[in-house]
Amino acid sequence: MGKSFSTPEGFIQLESRPSTKGSLAITISYIIDGKGIPIEIRLNPEQDYSLFFVKSKEEIESYNPELVDPLGNVIQSKKIGSSFEEMLEELKRLSSV
């Protein structure tokens, strides 16, 4: 935890943060230099969920729109199971949207 990994457009940051019912969540943030965080995943194996937060210009099917940021991006969320395989499948699905 507390590690960062470079990508061509920015970096991926891993952190451990407090979560529901006294548990801890692993937060995986994809950060694009000068643009912010378009995707963040909060993985909580103890509570058996992963929570995806995505910013995009348009609403994404199966995601819940939460609010619109000052730049007009829709911040939306989706809760799935906590398995690594489910997270990878959701990331693959997002990459084809």
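You'll find the structure just up there.
These remarks concern the structure in this document. (Residues numbered from 1 in each chain as written. Predicted model: local features only at pLDDT ≥ 70, side-chain atom pairs only at ≥ 80, totals over all residues. Heavy atoms only, no water.)

Taken as a whole and judged by the stated rule, the model has six salt bridges. For Glu40, the salt bridge identified is with Arg17, shortest N-O distance 4.0 Å. In this pair, Glu40 is assigned in strand 4 (residues 36-44) and Arg17 in strand 2 (residues 10-18), connecting sequence segments 23 residues apart. Of the residues examined, Glu40 reaches a relative accessible area of 10% and is grouped as buried. Notably, a salt bridge pairs Glu40 with Arg42, separated by 2.9 Å at the nearest N-O pair. Assessed through its relative accessible area of 31%, Arg42 is described here as partly exposed. Residues participating in the shared-partner salt-bridge network are Glu15, Arg17, Glu40 and Arg42. (Salt bridge = Lys/Arg side-chain N within 4 Å of Asp/Glu carboxyl O. Helix = DSSP H or I, 4+ residues; strand = E, 2+ residues; numbered from the N terminus. Buried < 20%, exposed > 50% of the residue type's maximum accessible area, 1.4 Å probe, protein only.)

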